[in-house]
Amino acid sequence: MFVKSIMRCPVTTVGPAASVRAVAALMTECDIGAVVVCEAEQVVGIVTDRDIVTRYLPNAVSDVAIAAIMTRGVATCRPGQTVREAANRMGDLQIRRLVVVDEAGAVAGIMSLGDIANDVDEELAGQTLGEVVETR
């Protein structure tokens, strides 16, 4: 099975100047836990609800641009990769989501461990989660 078969799209994206509060409100409104940050249609970061809680809230004095807390160097995969290849990448990098990009680097979708568990193979998802949480 290929990533394109299970990826979620469209993906909710924001620009790096979006405020943390606006992104948090967007996550609530869309009932999602991650937003991809794009500039000129290229992925420049990702921010999760956990990023907001751990990177922003402890030091929050005023609202800031999401670029201040986003994760840069986003791990990606391609729609034509197999889910197993993508799951292996997630395990190797110890991450729970991969942004799916097309040949031009534009966001095509997003795939999570939950998508693997729900749509492909619970055993593969469990093995990948084990690698994600493993202390290295």
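Before any of the text, the structure's been laid out above.
This text gives an overview of the structure that appears in the document. Since we're looking at a predicted model, the values are computed, not measured.

1. Focus on the pairing of strand E5 (residues 97-101)
The side chains of a regular strand alternate between the sheet's two faces.
Turning to step 1, where the next piece is worked out: The buried fraction of E5 is high, at four of five residues.
Turning to step 2, where the next piece is worked out: Remark: five residues form the turn of the hairpin made by E5 and strand E6 (residues 107-112), two consecutive strands paired antiparallel; glycine 105 in that turn has positive phi of roughly 90°.

2. A look at the packing of helix H4 (residues 83-93) against helix H6 (residues 122-133)
Turning to step 1, where the next piece is worked out: The geometry of H4 relative to H6 is characterised by a closest axis approach of 7 Å and an angle of 20° between their N-to-C directions. Between H4 and H6, the angle is such that the two are roughly parallel. Residues Val83, Arg84, Ala87, Met90, Gly91 and Asp92 of H4 form the contact with H6, whose own contacting residues are Leu124, Thr128, Glu131 and Val132.
Turning to step 2, where the next piece is worked out: The residue inventory of the contact of H4 with H6, partitioned by class, reads five nonpolar, two polar and three charged.

3. Comments concerning H4
Turning to step 1, where the next piece is worked out: Buried residues of H4: Val83, Ala86, Ala87, Met90 and Gly91, and no others. Projected down its long axis, H4 carries its buried residues within an arc of 140°, all on one side.
Turning to step 2, where the next piece is worked out: Buried residues along H4 sit against helix H1 (3-6), strand E4 (76-77), E5, E6, helix H5 (113-119) and H6.
Turning to step 3, where the next piece is worked out: Glutamine 94, located one to two residues past H4, shows a positive phi value of around 55°.

4. As for unusual backbone geometry
Turning to step 1, where the next piece is worked out: Note that the residue after cysteine 9, namely proline 10, is joined by a cis bond; omega there is 0°.
Turning to step 2, where the next piece is worked out: Looking at where proline 10 falls in the secondary structure, it is placed in the loop between H1 and strand E1 (13-14).
Turning to step 3, where the next piece is worked out: Located in the positive-phi region is aspartate 31, a residue other than glycine, with phi close to 55°.
Turning to step 4, where the next piece is worked out: When you line up the elements, aspartate 31 lands in the loop between helix H2 (20-30) and strand E2 (34-39).
Turning to step 5, where the next piece is worked out: What makes aspartate 31 exposed here is its relative accessible area of 71%.
Turning to step 6, where the next piece is worked out: Residues other than glycine seldom take positive phi values, yet glutamate 41 does so here, at roughly 65°.
Turning to step 7, where the next piece is worked out: The topology assignment puts glutamate 41 in the loop between E2 and strand E3 (42-48).
Turning to step 8, where the next piece is worked out: A residue is classified by how much of its surface remains accessible, and glutamate 41, at 62% relative accessible area, is exposed.

Definitions and cut-offs
- Every chain begins its residue count from 1, and numbering advances along the sequence as written.
- Local features in this predicted model are restricted to residues of pLDDT 70 or higher, and side-chain atom pairs are both shown and tallied only at a pLDDT of 80 or more, whereas totals for entire chains, interfaces and linings draw on every residue.
- Computation of side-chain values covers all heavy atoms of the structure but excludes hydrogens and water.
- Any residue under 20% of the maximum accessible area for its type is buried, any over 50% is exposed, and the rest in between are partly exposed; the area is computed with a 1.4 Å probe on protein chains only.
- Counting from the N terminus, the helices are DSSP H or I runs at least four residues long and the strands are E runs at least two residues long.
- When DSSP finds at least two bridges between two strands, those strands are taken to pair.
- Note on method: axes are straight lines fitted to C-alpha atoms, helices fitted across the in-contact stretch only, with angles between N-to-C directions ranging 0 to 180 degrees.
- These descriptions rest on fixed angle ranges, namely under 35 degrees for roughly parallel, over 145 for roughly antiparallel, 65 to 115 for roughly perpendicular, and the rest for oblique.
- Two residues qualify as a contact provided that any one of their heavy atoms is within 4.5 Å of a heavy atom in the partner residue.
- When residues are grouped by polarity, Ala, Val, Leu, Ile, Met, Phe, Trp, Tyr, Cys and Pro land in nonpolar, Asp, Glu, Lys and Arg in charged, and all others, Gly among them, in polar.
- The arc in question is formed by the directions pointing from the helix axis toward the C-beta atoms.

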